[in-house]
Amino acid sequence: MASGAAEPLAGPEPGAAPREFRTLRLHREREHVLHLELNRPSKRNAINLLCWRELVECFQDISRDPSCRAVVVSGAGNAFTAGIDLSDLGGAILGAPDEDVARRAWNLRQRILEFQESFSVMEKCPKPVIAAVHGPCIGAGERERDTGIGI
């Protein structure tokens, strides 16, 4: 998407300063259209813990933005996403090795529910969310349908 005339999106409250994200870039592409870019091109937009959290915050803001009528999601650089950043999430998913099995299972379930929220918030968004997929799209960024087409 062209970035010439794009302007940053204001924060969650009217008149608030634009919210800053470290793994995402959100701006108003044109009237009523927001462009959300996964912004970790050096990691091929792999989704780390911070990105999971920022996706939830970002889509909560988008859902409350009355001027937004549609959202386009893309990836910076030459990949849409490489999926989960295992270097960041590996330990979070595996848990502490000294925990008993039941506690590790419980903590894993809680972590999965947290991760799922970053996708559920997109699904619950009252605005159409369009994925502008380009280049590789692995794991978390791809949902295969009966047609076999990645979305």
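Residues numbered from 1 in each chain as written. Predicted model: local features only at pLDDT ≥ 70, side-chain atom pairs only at ≥ 80, totals over all residues. Heavy atoms only, no water.

Enquirer: Tell me about the nonpolar core, and name the residues and values.
Expert: With 24 residues, the main nonpolar core has Leu 24, Leu 36, Leu 55, Cys 58, Phe 59, Ile 62 and Val 71 as its most contacted residues. Counting only elements with at least two residues in this core, the list comes to β2 (24-30), β3 (33-38), α1 (49-64), β4 (70-75) and α3 (101-124). (Core = buried A, V, L, I, M, F, W, Y, C linked by side-chain atoms within 4.5 Å. Buried < 20%, exposed > 50% of the residue type's maximum accessible area, 1.4 Å probe, protein only. Helix = DSSP H or I, 4+ residues; strand = E, 2+ residues; numbered from the N terminus.)

Enquirer: So, the packing of aromatic side chains: which residues are in play, and what are the values?
Expert: Summed over the entire model, instances satisfying the criterion amount to two aromatic pairs. For the pair Trp 52 and Phe 119, a centre-to-centre distance of 5.5 Å together with 80° between the ring planes defines the contact as edge-to-face. With Trp 52 in helix α1 and Phe 119 in helix α3, the pair connects residues that are 67 residues apart, well separated along the chain. A connected cluster of aromatic rings, assembled from ring pairs, spans Trp 52, Phe 115 and Phe 119. (Phe/Tyr/Trp six-rings, centres within 6.5 Å; stacked < 30°, edge-to-face > 60°.)

Enquirer: With reference to specific residues and values, describe the pairing of β2.
Expert: On a regular strand, one side chain projects to one face of the sheet and the next to the other, so that they alternate. The buried count for β2 comes to five of seven residues, which makes it a mostly enclosed element. Turn length for the β2-β3 hairpin, with the two strands adjacent in sequence and antiparallel, is two residues, and the turn residue His 32 shows positive phi of about 75°. (Pairing = 2+ DSSP bridges.)

Enquirer: I'd like a description of the confidence of the model for the protein, backed by residues and values.
Expert: Per-residue pLDDT for the protein averages 82, and the proportion of residues at 70 or more is 76%. Taken element by element, the predicted model of the protein shows its lowest mean pLDDT in strand β1 (residues 7-8) (53) and its highest in β4 (97). In the model, residues 1-5 has pLDDT below 50 throughout and makes five contacts with residues more than four positions away in sequence or in other chains. Across residues 144-151 the pLDDT falls below 50, and counting only partners more than four positions away or on other chains, this stretch makes ten contacts in the model. (pLDDT = per-residue confidence, 0-100. Contact = heavy atoms within 4.5 Å.)

Enquirer: Please give an account of unusual backbone geometry that cites residues and values.
Expert: Here the phi dihedral of Arg 44 falls at roughly 55°; this positive angle occurs in a residue that is not glycine. Along the chain, the position of Arg 44 falls in the loop between β3 and α1. Positive phi is not limited to glycine here, since Asn 45 has a value of about 60°. Position of Asn 45 relative to the elements: it lies in the loop between β3 and α1.

Enquirer: Which residues make up the side chain of Arg 40, and what values do they have?
Expert: Positionally, Arg 40 belongs in the loop between β3 and α1. Here Arg 40 falls in the buried class, since its relative accessible area comes to 14%. Excluding its chain neighbours within four sequence positions, the residues that come into contact with Arg 40 are Thr 23, Asn 45, Ala 46, Ile 47, Asn 48 and Asp 85.

Enquirer: Hey, could you go over the pairing of β4 for me, with residue numbers and the actual values?
Expert: Counting buried residues in β4 gives six out of six residues, a clear majority hidden from the surface. Residue alternation in β4 divides its side chains into two sets, Ala 70, Val 72 and Ser 74 and Val 71, Val 73 and Gly 75, and both sets are buried. Remark: the β3/α1/β4 crossover connection has right-handed handedness. One ladder, built from three bridges, connects β4 with strand β5 (residues 129-131); its direction is parallel. Within β5, the residue paired with Val 72 across the bridge is Ile 130. (Right-handed = clockwise from strand over helix to strand, strands pointing away.)

Enquirer: Tell me about α1, and name the residues and values.
Expert: With 16 residues, α1 extends 24 Å between its outermost C-alpha atoms, agreeing within 8% with the 22 Å of an ideal straight helix rising 1.5 Å per residue. The complete set of buried residues in α1 reads Leu 49, Cys 51, Trp 52, Glu 54, Leu 55, Val 56, Cys 58, Phe 59, Asp 61 and Ile 62. (Expected span 1.5 Å × (residues − 1).)

Enquirer: Could you give an account of α3, with specific residues and numbers?
Expert: Between the first and last C-alpha of α3 there are 33 Å, a value that for 24 residues agrees with the 34 Å anticipated at 1.5 Å per step. Its maximal kink placed at Ser 118, α3 deviates by approximately 30°. What α3 keeps buried is the set Phe 115, Ser 118, Ser 120 and Val 121. The N-capping residue of α3, defined by a side-chain oxygen 3.1 Å from the backbone nitrogen of Ala 102, is Asp 100. (Bend = angle between axes of the 7 residues up to and from the residue. Polar contact = N/O pair within 3.5 Å; in protein donor to acceptor, adjacent residues only side chain to side chain.)

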